[in-house]
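Remarks on the overall topology
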Amino acid sequence: MSQRRRRSLALLTSGVLALPLLAGCGSGDDEGGPVAAGQDIAATARDKVADGGVLRWAVDSLPDTLNTFQADADATTTRITGAVLPQLFVLDDKGRPVANPDYLEKAEVVEREPKQVVLYKLNQQAVWSDGREIGAADFVAQWRALNGKDSAYWTARNAGYDRIEKIERGKTDLEVKVTFAKPYTDWRSLFSPLYPKQVTGTPDAFNEGARGTLKVTAGPFNLGAVDKKSGTVALTRSARWWGRPAKLDSLVLTAVPRAQRPAALAAGKVDLAEIDRAGADRIVMAHRDAERSPGAGGAAAHGPGAAVTPAQATLSWATAYGTDEGKAAAERETRAQNAEAAKAYADEQSALRTFTVRKSLEPAYTQLAMNGASGPLADERVRRAVARALDRKELAEIVLKPLGLPAKPVGSHVALAGQRAYADNSEALGGKDLHAAQALLADAGWRRGGKLTEPVGAKAGSEAEEGQDDSKTPSGPGTGNDGLYIVGETDGRNGDGLDRGLPVVESAIKTGGETSPQGVRGERIDPSGQEGEAGAAADPDAVDDAKRGPARDGEAPGPGKASGSPAPAPAKQVRTSGNMLAKDGKALNLRFVLPAGPGSEALRTVGERIAQMLKKVGVNTEVTKVADESFFKDHVASGQYDLALYSWPATAYPATDARPIFAKPEPAADGSLLVEQNYTRVGTDHIDQLFDQALGELDEEASRELMRKADARIWAAAGSIPLYQRPELVAAKPNLANAGAFGLGTPRFQDIGWKKPQAAKEEPKKKK
């Protein structure tokens, strides 16, 4: 199963180290190109970082488990285990796996035939906190727990571990020899984190023993108190750590909801926190206000009361001190509450001046997903047309340009810029081309001005297909219960709460039951360009060209015109799609589902801009905003959508982690589809074969080339259209070193700390 995790962005571990390349692997450091945006962590040499101190770091919630291999593990689980457990391979600032010398002297493939053998040579100083050496017994216990053969272990995934044949001690206790039954290119993904055998040795210990505590650790920090009442987890410097000691005395992870983080920062509850665009704007405005010249005066340009006009303020004062005692008392109370809120906001703004915003791009990309299981998008030509109607550059700029971040569209489904597997394969589908989009739609049989026979108010797209339910995926691995980061559902991360000052775009389609403006003949005009039933032409081939033609034979006389004989029965009226597309009596309507909650404002703006782009080629979109808690479960996972926007995490191991996202759905015995994590329901046998070949290819360069070929085929299938890499915004104290927006890399926990104060410079002596 994928090493992805719902509510987290990736299994990324710490470090910026060099990996010795395997003999015969000719990959260069420039493979994959530069990262789109580097880390912003105030990188500081260790000798410039003070020893001691406490860092309070905001997290979304306390973890339900400390076992990363269980289905309810989350981002906080990953952060804790990254600091307290062995990570044999970590990710550098380009998102590339590198060996961690704190645990490994060397790890390499020593045999390829007849079977793959990997030899791990452990750091001879590496020990568990109970004093026992890290060794083969820990590897064996973790393999047996995760290989899927013993159902008593409640595991969320077994990818890679199920390909191992045996694990044994090498020539010394410091060597571990792993033999694979099937070759596995992503062998570096295994045993990170590595748990002690006390956790993985028995089903009971695995299932329950590491949910609330870790009695034995082996990292720069130990697990301290987990206080659910205060919502904190304390990590303390490990006395048994053999590597460079942690700079901090203590790292306190503090649960703070995203919306409350500006207030928590201002109150001194946290020193470091990922924030959304609104929070970042408050910090920027706090600095801007502080730079205003003293005595500038004037009303606040933001915060409570900022939108009150002079006329409203005058009316409020008049009411508060007017003759109507009842209204006056109520108004005075309201004014007092507003004044209190304004003062609290001003105090918070003053405190927020002590923070800075560090920014980069997250290891995740936002995509437009198209449901290819049913409806118009089951036709690949329609999916390709939708994709070619999009200006991906413009969509990326909507989100990233206001933040001063690079706005280059993502060109790959399986890697991000900087990672070795990355290549821009979008040309396999083609860029924006409205003529090509229209030609594809025409080839699929969709025509402007087509006759409509479906009932007014019929459901759009896939929702019109009754009885469709391909959401019956098995519980556990491959169900979507781990690994998917849903914008709006999980935590409203960085930048999907942007408020760029763009105008709100109306939904491109309104249902037939809504009031419509009156046309020139009094007919109801659908906003999409479709004629109403009462005023459409009698000619079944007529096309609405928005012009009033001469009266037809049999047309009822106009007002004031007498008829010498009874008027004939009116001809049956025919609706057409007007300037939009129709086929077989149905308009081309696509249901576009977006999350409605706070933190997803930018996502909705992007969705509405997509709707505008599609309307230019005659495609109607019915934008539906749904509750965050139902967005994924009731719509994306269950297939009740045509178009949707959500994000996938990046991975250093695409042959393993990306396969379930793009695997061809398989029919189940009950007629439903087993989709794994492929919620677009679009896949091909060829794509699956390329993934399988890449997974078993031990020549790393050849494996990456197979992944690039798979990515090109995924582009061509047009089920998922990557748009942009998500922004990462982090509020931090300016004197905090080696922490902030980590980009594709992850923290090196022992190096995080507070900068030493700079020595005061001596003032030059004044000349006499």
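Residues numbered from 1 in each chain as written. Predicted model: local features only at pLDDT ≥ 70, side-chain atom pairs only at ≥ 80, totals over all residues. Heavy atoms only, no water.

1. Remarks on the overall build of the protein
Inclusion rule: Secondary structure elements follow DSSP: runs of H or I no shorter than four residues count as helices, runs of E no shorter than two count as strands, and numbering proceeds from the N terminus. Here the term buried applies to any residue with accessible area under 20% of the maximum for its type, exposed to any over 50%, and partly exposed to those in between, with areas from a 1.4 Å probe on protein chains only. Residues are treated as being in contact if the distance between any of their heavy atoms lies within 4.5 Å. Computed with a 1.4 Å probe, the accessible areas rest on the Shrake-Rupley method; for each residue, only the protein chains presented here act as cover.
A count of helices and strands for the protein gives 17 helices and 25 strands. The buried share among the 768 residues of the protein stands at 55%. Long-range contacts, defined as pairs at least 24 residues apart, comprise 76% of the intrachain contacts of the protein with a sequence gap of at least 6. Total accessible area computed for the protein in this model is approximately 33,700 Å², and 51% of it derives from carbon and sulfur atoms.

2. What about helix α6 (residues 277-291)?
This is how the line gets drawn: Here a helix's expected span is defined as the number of its residues, less one, multiplied by 1.5 Å. A 3.5 Å cut-off defines polar contacts: any pair of N or O atoms within that distance qualifies, except that in protein one atom must be a possible hydrogen donor and the other a possible acceptor, and neighbouring residues in sequence count only when both atoms are side-chain atoms.
Given a rise of 1.5 Å per residue, 15 residues ought to cover 21 Å, and the 21 Å separating the end C-alpha atoms of α6 matches this to within 8%. Where α6 is concerned, the buried positions are Arg-277, Gly-279, Ala-280, Arg-282, Ile-283 and Ala-286. Where α6 is buried, its residues touch α5 (261-266), α8 (325-352), β12 (356-370) and β23 (720-732). Two to three positions downstream of the cap, the backbone nitrogen of Ala-278 sits 3.2 Å from a side-chain oxygen, assigning the N-cap of α6 to Asp-276.

3. A few points about unusual backbone geometry
The linkage connecting Glu-113 with the following residue, Pro-114, adopts the cis geometry, with an omega of 0°. Take Pro-114: it is sitting in the loop between β4 (104-111) and β5 (117-122). A cis amide bond links Ser-192 with the next residue in sequence, Pro-193, at an omega value of 5°. Position of Pro-193 among the secondary structure elements: in the loop between β7 (175-180) and α3 (197-200). Phi angles above zero are rare outside glycine, and Ala-42 is one such case at about 55°. Tracing the backbone through its elements, the reader meets Ala-42 in the segment before β1 (54-59). Notably, Asn-738 is not glycine yet its phi reads approximately 65°, a positive angle. Secondary-structure assignment places Asn-738 in the loop between β24 (736-737) and β25 (753-754). Under the relative-accessibility criterion, Asn-738 is labelled buried at 10%.

4. So, the sheet that holds β4
Put simply, the rule reads: Following DSSP output, two strands are said to pair if at least two bridges run between them. Axis definition: a line fit to C-alpha positions, over the contact stretch in the case of helices; interaxial angles, taken between N-to-C directions, run 0 to 180 degrees.
With respect to topology, 4 strands assemble into an open sheet ordered β4-β5-β7-β6, the strand pairing being antiparallel. Looking at which strands have only one partner, the edges of the open sheet turn out to be β4 and β6 (164-169). Across this sheet, the average inter-strand angle for adjacent strands is 15°, counted without regard to direction.

5. As for the nonpolar core
Our working definition: Only buried residues count toward a nonpolar core, which is a set of Ala, Val, Leu, Ile, Met, Phe, Trp, Tyr and Cys residues joined through side-chain atoms within 4.5 Å.
Formed by 109 residues in total, the largest nonpolar core has its most connected members in Tyr-120, Phe-191 and Leu-235. The leading source of residues in this core is helix α2 (residues 136-146), at 6 residues. Those residues in contact with Phe-191, other than ones at most four positions away along the chain, are Pro-86, Leu-88, Tyr-120, Phe-139, Gln-142, Tyr-161, Ile-164 and Ile-167. Core analysis: the next-biggest nonpolar cluster, separate from the first, contains 61 residues, Ile-275, Leu-390, Ala-396 and Val-399 among them.

6. What to know about the packing of helix α10 (residues 392-400) against helix α12 (residues 601-615)
Quick note on the threshold: Orientation is classified from the angle alone, with under 35 degrees giving roughly parallel, over 145 giving roughly antiparallel, 65 to 115 giving roughly perpendicular, and any other angle giving oblique. Crossings are classed by handedness, with left-handed meaning an anticlockwise turn of the near helix from the far one by less than a right angle and right-handed meaning a clockwise turn. Basically, the charged four are Asp, Glu, Lys and Arg, the nonpolar ten are Ala, Val, Leu, Ile, Met, Phe, Trp, Tyr, Cys and Pro, and anything else, Gly included, counts as polar.
It is at 10 Å that the axes of α10 and α12 come closest, and there the two elements cross at 155°. Overall, the two elements α10 and α12 adopt an arrangement that is roughly antiparallel. At the point where α10 passes α12, the crossing takes the right-handed sense. Contacts from Glu-394, Leu-395, Ile-398 and Val-399 of α10 reach α12 at Thr-605, Val-606, Arg-609, Ile-610 and Met-613. Across the contact of α10 with α12, the residue classes break down as 6 nonpolar, 1 polar and 2 charged.

7. Overview of the packing of aromatic side chains
Rules: Any two of the Phe, Tyr and Trp rings considered here, Trp counted by its six-membered ring, make a pair once their centres fall within 6.5 Å; the pair's planes then place it as stacked at under 30 degrees, edge-to-face at over 60, or tilted in between. Note on geometry: a ring has a charge over it if NZ (lysine) or CZ (arginine) is within 6 Å of the ring centre and within 35 degrees of the ring normal.
Applying the stated rule across the entire model yields 19 aromatic pairs. Measuring from centroid to centroid gives 6.3 Å for Trp-57 and Phe-749, while their planes differ by 45°, and the two rings are tilted. Taken together, the residues span a long stretch of sequence, with Trp-57 in strand β1 and Phe-749 in the loop between β24 and β25 at a distance of 692 residues. Judged by its relative accessible area of 4%, Trp-57 falls in the buried class. Judged by relative accessible area, Phe-749 falls into the buried class, the value being 4%. Three or more aromatic residues link up through ring pairs in this structure, and these residues are Phe-69, Phe-89, Tyr-120, Phe-139, Tyr-161, Trp-187, Phe-191 and Tyr-195. Residue placement shows Arg-79 over the ring face of Trp-57; its charged tip is 4.1 Å from the ring centre. A cation over a ring is seen here: Lys-733 above Phe-355, with NZ or CZ 4.5 Å from the ring centre.

8. Considering the pairing of β5
When you tally the buried positions in β5, you get 5 out of 6 residues, the bulk of the element. By the bridge criterion, 6 bridges tie β4 to β5 in an arrangement that is antiparallel. In the sheet register, Lys-106 faces β5, and the bridge partner there is Lys-121. Two strands pair when backbone bridges link them, and β5 and β7 are joined in this way by 5 bridges, in the antiparallel orientation.

9. Re the environment of Gln-689
Within the secondary structure, Gln-689 sits in helix α16 (residues 685-695). Look at Gln-689 and you get partly exposed, because its relative accessible area is 43%.

10. A few points about the confidence of the model for the protein
Low-pLDDT stretches of the model should not have their predicted coordinates read in fine detail. What counts, and what does not: The predictor attaches a confidence to each residue, called pLDDT, with possible values from 0 through 100.
On average, residues of the protein score 82 in pLDDT, and 78% of them reach the 70 mark or higher. This stretch, residues 294-298, has a pLDDT under 50; its non-local contacts, to residues over four places away or in other chains, come to 1 contact. A low-confidence stretch, residues 465-563 (pLDDT under 50), is modelled with 226 contacts involving residues beyond four sequence positions or located in other chains.

11. Details of the sheet that holds strand β17 (residues 586-587)
Strand order in this open sheet of 3 strands is β13-β16-β17, and the pairing throughout is antiparallel. The open sheet has two edge strands, β13 (447-448) and β17, and neither has a second partner.

12. Examining the packing of α6 against α8
The axes of two packed helices give the description: the angle between them and the distance between them. Viewed as axis vectors pointing N to C, α6 and α8 meet at an angle of 85°, and their least axial separation amounts to 8 Å. By the angle between their directions, the pair α6 and α8 is classed as roughly perpendicular. Within the contact between the two elements, α6 uses Arg-282, Ile-283, Met-285, Ala-286 and His-287 and α8 uses Tyr-345, Glu-348, Gln-349 and Leu-352. Residues belonging to the contact of α6 with α8 are distributed by class as follows: 5 nonpolar, 2 polar and 2 charged.

13. Digging into the pattern of salt bridges
Definition in use: What counts as a salt bridge is simple: a side-chain nitrogen of Lys or Arg found within 4 Å of a carboxyl oxygen of Asp or Glu.
Considering all chains together, one arrives at 31 salt bridges under this definition. One salt bridge in this structure joins Lys-343 and Asp-347, with 3.0 Å as the shortest N-O distance. Taken together, the residues span about one helical turn, with Lys-343 and Asp-347 both in helix α8 at a distance of 4 residues. For Lys-343, a relative accessible area of 53% translates into the label exposed. For Asp-347, a relative accessible area of 43% puts it in the partly exposed group. With its nearest N and O atoms 3.2 Å apart, the salt bridge here joins Asp-751 to Arg-748. When its relative accessible area of 14% is taken as the criterion, Asp-751 is described as buried. Within the structure, one salt-bridge network assembled from shared partners comprises Asp-60, Arg-79, Arg-258, Arg-261 and Glu-274.

14. A short note on the side chain of Arg-384
You can see Arg-384 is positioned in helix α9 (residues 380-388). A distance of 2.9 Å separates the side chain of Arg-384 from the backbone oxygen of Ala-716, its partner in a polar contact. Sequence-distant contacts of Arg-384, that is, excluding residues within four places in its chain, are made with Ala-428, Leu-429, Leu-440, Ala-716 and Ala-718.

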